[in-house]
Amino acid sequence: MASRYTTLEMLERLIAFDTVSSKSNLGIIDFIEDYLRSWGIASHRTPSTEGNKANLWATVDPQDMTDGIVLSGHTDVVPVTDQSWHSDPFILTKKDNKVFGRGTADMKTFIAAVLAGVPDMMKKPLRVPLHFAFSYDEEVGCLGVPRLIQDVVRRLPRPRLVIVGEPTEMTLVVAHKGVHQFRTTFIGRSAHSSSPQLGANAIVAAAEAILILQDMAAQLRQSTPKDSPFDPPFSTIGVGIIEGGTAGNVVPARCTLHWDVRNLPDLDVDALVTQFEQRSAIEILSKLHQVAPEATVYTERVASIPPLSPESDSPAAELIQLLTGRNDTHVVAYGTEGGLFQAAGFSCVVCGPGNIAQAHQANEFITLAQVDAGTKFIKDLTDWAQS
């Protein structure tokens, strides 16, 4: 017999799966797949190259899959390492009209609302099919969803629009910044620290590169468009990780810098990277070559999430406005898979329960009011799809 869950009950099941991006998500995918199968809904997986992760695609009302609505969410969550939690992050905890747990805000509540709504979706035929798109590795650069999109484009009729359920407190988000992650590696020459003149210090080179990135970030701040609706209103450059060195008494021969760009939709990120590479060659590599002709500096693009741009006459925005009864639109600084869906030609918006301010934090939570709002949205969407 098919199981029935409230959104909160389903959320409790989903939170119990430790789907930190560094781990497999196959446990939660197995659970969702089994649940959907119990309601007679077939699923299709697109596995990762290693096979330890998978996206999941499913359609309610497979008899007519044309012109459907995609409900998109990611199954992975960020780590809890070095965070001080008041409760087990993988056990849903209710307190003061809030529920705590890793992924409550970002973004398992949306997935829970979608899955809890399946029994209502199955009560009578849908006029418009509803597609579920649950992906892996969104938190480390939307690595899974491109495979899912390719599979959808290849195998299925093109859906009408995409709703990404990231936390927006159920407000309509029509644009977000792009996110581009880079890794710059510095190769110098090792030496004993008592004779530093014989070595080419890769960590010092990386520190100089950070100063270049800071200078470029300042230039972006100074060129802020007057009418930018984003917060912050300019493109940003951030340094997240620096790795290098082998011992305190050894001039380090290698260092790696991880940095990212969060760009406004009209910023040419490729030109920005070229500027960084040119300055690095002139200001850093030339000095390394004075001691170590074999020295090198190279930058790799680790991941890219294109920005989501506002659409004119957007079917996705019109549907959200119809269902919520609100005409206001918003933009956000964080990235989502929405930019990838839009780049593939789909009308796309972001709208989901929860507040992004609670995401990635210790004691992540969502209010019960937002759980209810997400549940109501899926019910209203279902009623619309059946009418």
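Here the structure is a predicted model, which means the values were calculated and not measured.

The rules behind the values
Residues numbered from 1 in each chain as written. Predicted model: local features only at pLDDT ≥ 70, side-chain atom pairs only at ≥ 80, totals over all residues. Heavy atoms only, no water. Salt bridge = Lys/Arg side-chain N within 4 Å of Asp/Glu carboxyl O. Helix = DSSP H or I, 4+ residues; strand = E, 2+ residues; numbered from the N terminus. Buried < 20%, exposed > 50% of the residue type's maximum accessible area, 1.4 Å probe, protein only. 1 Å grid on protein atoms, 1.4 Å probe; cavity = no way out; pocket = protein on both sides within 12 Å on 5 of 7 lines; lining within 4 Å. Points joined across faces, edges and corners; volume = space filled by probe spheres on them. Nonpolar A, V, L, I, M, F, W, Y, C, P; charged D, E, K, R; others polar. Polar contact = N/O pair within 3.5 Å; in protein donor to acceptor, adjacent residues only side chain to side chain. Contact = heavy atoms within 4.5 Å. Pairing = 2+ DSSP bridges. Axes fitted to C-alpha atoms, helices over the stretch in contact; angles between N-to-C directions. Parallel < 35°, antiparallel > 145°, perpendicular 65-115°, else oblique. Left-handed = near helix turned anticlockwise from the far one by under 90°. Core = buried A, V, L, I, M, F, W, Y, C linked by side-chain atoms within 4.5 Å.

Engineer: Summarise the pattern of salt bridges; cite the residues concerned and give the values.
Structural biologist: Under the counting rule described, the total for this entry stands at 21 salt bridges. Across the pair D151 and R154 runs a salt bridge, and its minimum N-O distance is 2.7 Å. Here the residue D151 and the residue R154 both occupy positions in helix α5 (residues 145–155), the gap between them amounting to three residues, near one helical turn. Look at D151 and you get buried, because its relative accessible area is 6%. Residue E283 pairs with R279 through a salt bridge whose shortest N-O separation is 2.9 Å. In this pair, E283 and R279 are both assigned in helix α7 (residues 269–291), four residues apart and thus about one turn of the helix distant. It is possible to trace a salt-bridge network through shared partners that takes in D30, E33, D34, R37 and R45.

Engineer: Run through the layout of surface pockets, naming residues and quoting values.
Structural biologist: Its boundaries defined by the atoms lining it, the largest pocket holds a volume of some 810 Å³. Along the wall of the largest pocket there are 29 residues; nearest its centre are E139, Q181, D260, R262 and H360. Its residues placed into classes, the lining of the largest pocket shows 14 nonpolar, eight polar and seven charged.

Engineer: Quick one: what's the story with the side chain of K53, residue by residue and with numbers?
Structural biologist: Looking at where K53 falls in the secondary structure, it is placed in the loop between β1 (43–47) and β2 (54–60). One polar contact links K53 to D137, side chain to side chain, over a distance of 2.6 Å. Among residues more than four places away in sequence, those in contact with K53 are S21, S22, K23, S24, N25, L26, P47, S48, Y136 and D137.

Engineer: Give me the sheet that holds strand β14 (residues 296–305): which residues, what numbers.
Structural biologist: Sheet strands associate in pairs through backbone hydrogen bonding, adopting either a parallel or an antiparallel arrangement. The four strands are arranged β11-β13-β9-β14 in an open sheet whose pairing can be described as antiparallel. Here the strands that pair on one side only, and so sit at the sheet edges, are β11 (236–244) and β14. Adjacent strand axes in the sheet meet at a mean angle of 20° when their direction is disregarded. As paired strands, strand β9 (residues 178–187) and strand β13 (residues 254–263) are joined by ten bridges and run antiparallel to one another. Across the sheet, the residue bridging to H180 is V261, located in β13. Taken strand by strand, helix α6 (residues 202–222) contacts β9, β11 and β13, and its axis lies near 175° from that of β11. Packed on one face of the sheet, α7 meets β9, β11, β13 and β14 and runs near 160° to β14.

Engineer: Please provide a residue-by-residue account of the sheet that holds strand β4 (residues 93–95), values included.
Structural biologist: Read from one edge of the open sheet, three strands run β4-β5-β17, paired in antiparallel fashion. The strands lining the two open edges of the sheet, one partner per strand, are β4 and β17 (365–367). Direction aside, the axes of adjacent strands within the sheet are offset by 25° on average. Against the sheet, helix α3 (residues 104–116) touches β5 (98–100) and β17, its axis set at about 55° to β17.

Engineer: Any chance you could break down the packing of α3 against helix α10 (residues 368–386) for me, citing the residues and the numbers?
Structural biologist: One can describe the packing of α3 onto α10 by two numbers: an axis separation of 9 Å at closest approach and a directional angle of 40°. Comparing their axes, α10 and α3 come out oblique. Of the two possible hands of crossing, α3 and α10 adopt the one that is right-handed. Of α10, the residues touching α3 (which contributes T109, F110, A113 and V114) are V371, G374, T375 and I378. Looking at the contact of α3 with α10, its residues break down into five nonpolar, three polar and no charged.

Engineer: Please set out the nonpolar core residue by residue, giving values where relevant.
Structural biologist: Counting residues in each nonpolar core, the largest one holds 55 residues, and the members touching the most others are L14, I32, L36, L115, F132 and I163. What L14 contacts, discounting residues up to four positions off in sequence, is I28, F31, I32, K108, I111, A112 and L115.

Engineer: Which residues make up the packing of helix α2 (residues 26–38) against α3, and what values do they have?
Structural biologist: At their nearest, the axes of α2 and α3 sit 11 Å apart, and the two run at 20° to each other. Here α2 lies roughly parallel to α3, going by the angle between them. Crossing handedness for the pair α2 and α3: left-handed. In contact with I28, I32, Y35 and L36 of α2, α3 contributes K108, I111, L115 and A116. Residues belonging to the contact of α2 with α3 are distributed by class as follows: seven nonpolar, no polar and one charged.

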